[in-house]
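Summary of the model geometry
If you want the building blocks of each chain, they are given just below.
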Amino acid sequence: QVQLVESGGGLVQAGESLRLSCAASGSRFNINEMGWYRQAPGKQRELVAIISSGGSTRYADSVKGRFTISRDSAKNTAYLQMSSLKPEDTAVYYCNVLGTGRYSTFDLWGQGTQVTVSS
């Protein structure tokens, strides 16, 4: 069984930075893709950034040039470095991991971490 633990959210002022972490743990699994999504109050969950096992990345237009996703494959951990934060970045951020276990594929979500950006 694979589990995810997120960390790194908080309250910051506009223009400041935060780094989120998402660590996957368990036995006998391979990760294909790790990503970050966010959901603001009253809005649908949206893609922020994803990174493939080969290192390819994709970003939402709203965060390009400000956010950077990376991963440490040895630690099964993904990071989201968020810079030049804006009040509109305020949301609950969720980690998502796609992978394969011993017998099946999995699509896991983290518990979510709150990011609040004040103006």
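In case you missed it, the structure is sitting above this.
We now turn to the structure provided with this report.

**Things to note about the environment of Asn 76**
Along the chain, the position of Asn 76 falls in the loop between β7 (67-72) and β8 (77-82). In this structure Asn 76 comes out as partly exposed when scored by relative accessible area, which is 23%. Residues Asn 76 and Ala 23, 53 residues apart in the sequence, show an inter-C-alpha distance of 5.9 Å. With residues near it in sequence (within four places) discarded, Asn 76 still touches Cys 22, Ala 23, Ala 24, Phe 29, Ile 31 and Met 34.

**Describing the sheet that holds strand β1 (residues 3-7)**
Strand order across the open sheet formed by four strands is β1-β3-β8-β7, with antiparallel pairing between neighbours. Edge strands, defined here as strands with exactly one partner in the open sheet, are β1 and β7. Strand-to-strand twist across the sheet, computed as the mean angle between neighbouring axes with direction ignored, equals 15°. One ladder, built from six bridges, connects strand β3 (residues 18-25) with β8; its direction is antiparallel. In the sheet register, Arg 19 faces β8, and the bridge partner there is Gln 81.

**Considering the pairing of strand β10 (residues 105-109)**
For strand β9 (residues 91-100) and β10, the ladder comprises five bridges, and the chain directions are antiparallel. What sits directly across from Asn 96, in β10, is Trp 109.

**Some thoughts on the packing of aromatic side chains**
Taken as a whole and judged by the stated rule, the model has two aromatic pairs. Measuring from ring centre to ring centre gives 5.0 Å for Tyr 37 and Trp 109, while their planes differ by 65°; the resulting arrangement is edge-to-face. With Tyr 37 in strand β4 (residues 30-39) and Trp 109 in strand β10, the pair connects residues that are 72 residues apart, well separated along the chain. Taking relative accessible area as the criterion, Trp 109 reaches 38% and is therefore assigned partly exposed. For Arg 45, the ring lying beneath its charged end belongs to Tyr 94, and the centroid distance is 3.8 Å. Above the ring of Trp 109, the side-chain terminus of Arg 45 is found at 4.6 Å from the ring centroid.

Cut-off values and rules
- Each residue is numbered by its place in its chain's sequence as written, counting from 1.
- Residues qualify for local features only when their pLDDT is at least 70, as the model is predicted, and side-chain atom pairs are given and counted only at 80 or more; totals for whole chains, interfaces and linings, by contrast, use all residues.
- Only hydrogens and water are removed before side-chain values are computed, so all heavy atoms of the structure are retained for them.
- Working definition: helices are DSSP H or I runs of at least four residues, strands are E runs of at least two. Numbering for both runs from the N terminus.
- With a 1.4 Å probe rolled over the protein chains alone, any residue whose accessible area is under 20% of its type maximum counts as buried; one over 50% counts as exposed, and the rest are partly exposed.
- In what follows, residue pairs with any heavy atoms lying within 4.5 Å of each other are defined as contacts.
- In this scheme, strands are said to pair when DSSP sees at least two bridges between them.
- Axes here mean lines fitted to C-alpha atoms, for a helix over just the part in contact, with angles spanning 0 to 180 degrees between N-to-C directions.
- Any pair of Phe, Tyr and Trp rings, taking the six-membered ring for Trp, is counted once the centres come within 6.5 Å. Such a pair is stacked with planes under 30 degrees apart, edge-to-face with planes over 60 apart, and tilted for the rest.
- We call a charge positioned above a ring when the Lys NZ or Arg CZ atom is no farther than 6 Å from the ring centre and deviates by at most 35 degrees from the ring normal.

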